[in-house]
Number of protein chains: 2
Amino acid sequence: MSDFPKSISIEEDGPREGFQVEKTLIPTAQKIELIDALSNTGLKRIQIASFVRPDAVPNMADSEQVVAGITPQPGVTYTGLWLNEKGLERAIATNRLHIEGSITLSASETFLKRNQNRTLEQLIESQHTIVEMYKRHNVDVTTANLMATFGCNFEGDIPEEKVLSLAGIMFDIAAEHGVTIKRFGLLDTMAWATPDRIKRIVGAMRNKYPDLALSLHLHDTRGMGIANAYAGLEMGVAEFDSSIAGMGGCPFAGHKGAAGNVCTEDLVFLCDEMGIETGVDLEALVDCGVLAEKIVGHSLPGAVKVGGSLKRLRERAAA
Amino acid sequence: MSDFPKSISIEEDGPREGFQVEKTLIPTAQKIELIDALSNTGLKRIQIASFVRPDAVPNMADSEQVVAGITPQPGVTYTGLWLNEKGLERAIATNRLHIEGSITLSASETFLKRNQNRTLEQLIESQHTIVEMYKRHNVDVTTANLMATFGCNFEGDIPEEKVLSLAGIMFDIAAEHGVTIKRFGLLDTMAWATPDRIKRIVGAMRNKYPDLALSLHLHDTRGMGIANAYAGLEMGVAEFDSSIAGMGGCPFAGHKGAAGNVCTEDLVFLCDEMGIETGVDLEALVDCGVLAEKIVGHSLPGAVKVGGSLKRLRERAAA
């Protein structure tokens, strides 16, 4: 079954997912340089900051300065991440970010206990409080995110029934507070997804919620990132999170040095070659990938920034 | 359309494709160490040597010593590469290699002119001579290989009609000399394949030659390797060439440092997770990937050797 979308939307997560895992402090000006370069590629949505505790994530301590320092481009939405009301208030105070609320659950309770010392019941309870928090701040709640959708390093495989049941709980929470979930994020937090698992879980979600926009957040830790994106495209998924040059990591995965998020320019290359529109200029994106590598000072996993796109080769061949 | 095979056969090309592109000379004993380790993973076919001019490929100059030095395992077929009669005779003289003849054409005539200074007509003519050479040496000719099947850096895209027409020429050559092609290798020599292109060309070949075994030789230069393998699996392809740790390169591609062949352990991981049998022990393969990296002295692209398989995590989760 192939049901390719005509076009896809990409949320570029590199400036947040990528810089946050770097051990050395990246100068604010260099973060801004990358974000400004990304803003000129045709990307429509870029996550650029994280309003978390500076001692926990030192490379996000300058988030306010980063947001204030960029040159926003018309038509580009800039987003941020927060984990509590204080973070949300910091994000709102920048006056420059698109602020959107979300409900988040985890498909793995073991993961939850290890990383947040909470039960699923406690997490569900807290989502009610979070929705109310958003309403107090006049923030629309439009997205649901399910962590560890495809498997968990500590719990193992996640059956699709569990995904469906947790999705149902999230829709119930939304309904109870009068908000409408329009976009459902399937997060492969610990890189357990494989193409067949993508198809099973996306298929189950599409069958139950045919009008819901599904998005995939993929990691490339086990080399399956692009194959998983392709499986998602085959199922009609049209929204993806990705990271320039494949920046990012798997802070919870219990291993170091593994590849990060699925690589934006490799994803755009795949779509370009398949005739799926991304609105993004691949050559400009490749330049951003090279810049990202220069900024972090070590090689990053993306392939097309090394291997090159086919556009110039086609032009040369035709000349 | 999904037509997954129940099991696949892998030809491990790392010891040949990988070592031949290394700039520093790898000691013979280390090549043997890797081959012996690979022989104990369950891999059934390993390409371990190349009988070409030592001045052209210095790292293959010790091919005779490598072949003589390994500890062959029962059930494992060891193969080599040669480009002319002298090379074939060297391979035969080892008395240890499985010697099989093949007919080879290139889907790109531009590539042929640049790399071999020959026209397609000359290459076709030479294949008749080559088949006769094999017959003189009592070597079965069972395989056809088509280089640049999915595109060419110098010629651009390759239409499937061209692939079909060249396949027809190869079958005609075989018929004229009374030999039977049983396996047809689609070689993505310059990494132009994408999953949809794999499906188009594999589909066209399967329609025309439903009983022919197709094999895919994939490079990961643009990050599409595993996605292409997945697309091949979806089309029922059951034979793949791959390289441990993703060793290898694209000597013709006109760029350096790009990723090599599709990575054996990442391919086996994909198959394991999908329930497609490979006969290979993934954990042993990961150890070989780590060993390969140690031997070449620089990082190699495979992901699972860094990210880890899921087997141990599942066992821990179940404990």
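Our subject in this report is the structure included herewith. The structure presented is a predicted model; accordingly, all values stated were derived computationally and were not measured.

Quick look at the pattern of salt bridges now. Inspection of every chain in the model, using the stated rule, returns 44 salt bridges over all chains. Two residues, Arg136(A) and Glu85(A), come together in a salt bridge whose shortest N-O distance is 2.8 Å. On the criterion of sequence distance, the pair formed by Arg136(A) in helix 6 (residues 120-136) and Glu85(A) in helix 4 (residues 85-93) is long-range, its members being 51 residues apart. The exposure class of Arg136(A) is exposed, given its relative accessible area of 54%. For the salt bridge of Glu132(A) with Lys135(A), the shortest nitrogen-to-oxygen distance reads 3.9 Å. On the criterion of helical spacing, the pair formed by Glu132(A) and Lys135(A) is a turn pair, its members being three residues apart in helix 6. Residue classification places Glu132(A) among the partly exposed positions, given a relative accessible area of 33%. Overlapping salt bridges, with partners in common, bring together Asp157(A), Arg197(A), Glu273(B) and Arg314(B) in one network.

Moving on to the relation of the copies chain B and chain A. With an RMSD of 0.0 Å, the operation that places chain B on chain A is a rotation of 180° combined with a shift of 0.0 Å along the axis. Taken together, the turn and the small shift mark the pair as related by a two-fold rotation axis. For chain B, the residue whose C-alpha comes nearest the rotation axis is Ala227(B), separated from it by 1.9 Å. Of all interface residues in chain B, 100% are interface residues in chain A too; the two copies therefore contact each other through one and the same surface.

Next up on the list: the sheet that holds strand 4 (residues 101-106) of chain A. Pairing between sheet strands relies on hydrogen bonds along the backbone, with the strands arranged either parallel or antiparallel. Residues and elements named next belong to chain A. Pairing within the open sheet is parallel, and its eight strands lie in the order 3-2-1-8-7-6-5-4. Edge positions in the open sheet fall to strand 3 (77-82) and strand 4, since each of these has one partner strand only. Adjacent strand axes in the sheet meet at a mean angle of 25° when their direction is disregarded. Lying over the sheet, helix 8 (residues 195-208) contacts strand 6 (183-187) and strand 7 (213-217), oriented at roughly 155° with respect to strand 7. The strands touched by helix 10 (residues 264-274) within the sheet are strand 1 (9-12) and strand 8 (239-242), with strand 1 carrying the most contacts at an inclination of about 170°.

Analysis parameters
- Residues numbered from 1 in each chain as written.
- Chains lettered and ligands numbered in written order.
- Predicted model: local features only at pLDDT ≥ 70, side-chain atom pairs only at ≥ 80, totals over all residues.
- Heavy atoms only, no water.
- Salt bridge = Lys/Arg side-chain N within 4 Å of Asp/Glu carboxyl O.
- Helix = DSSP H or I, 4+ residues; strand = E, 2+ residues; numbered from the N terminus.
- Buried < 20%, exposed > 50% of the residue type's maximum accessible area, 1.4 Å probe, protein only.
- Least-squares fit on C-alpha atoms with pLDDT ≥ 70 in both.
- Contact = heavy atoms within 4.5 Å.
- Pairing = 2+ DSSP bridges.
- Axes fitted to C-alpha atoms, helices over the stretch in contact; angles between N-to-C directions.

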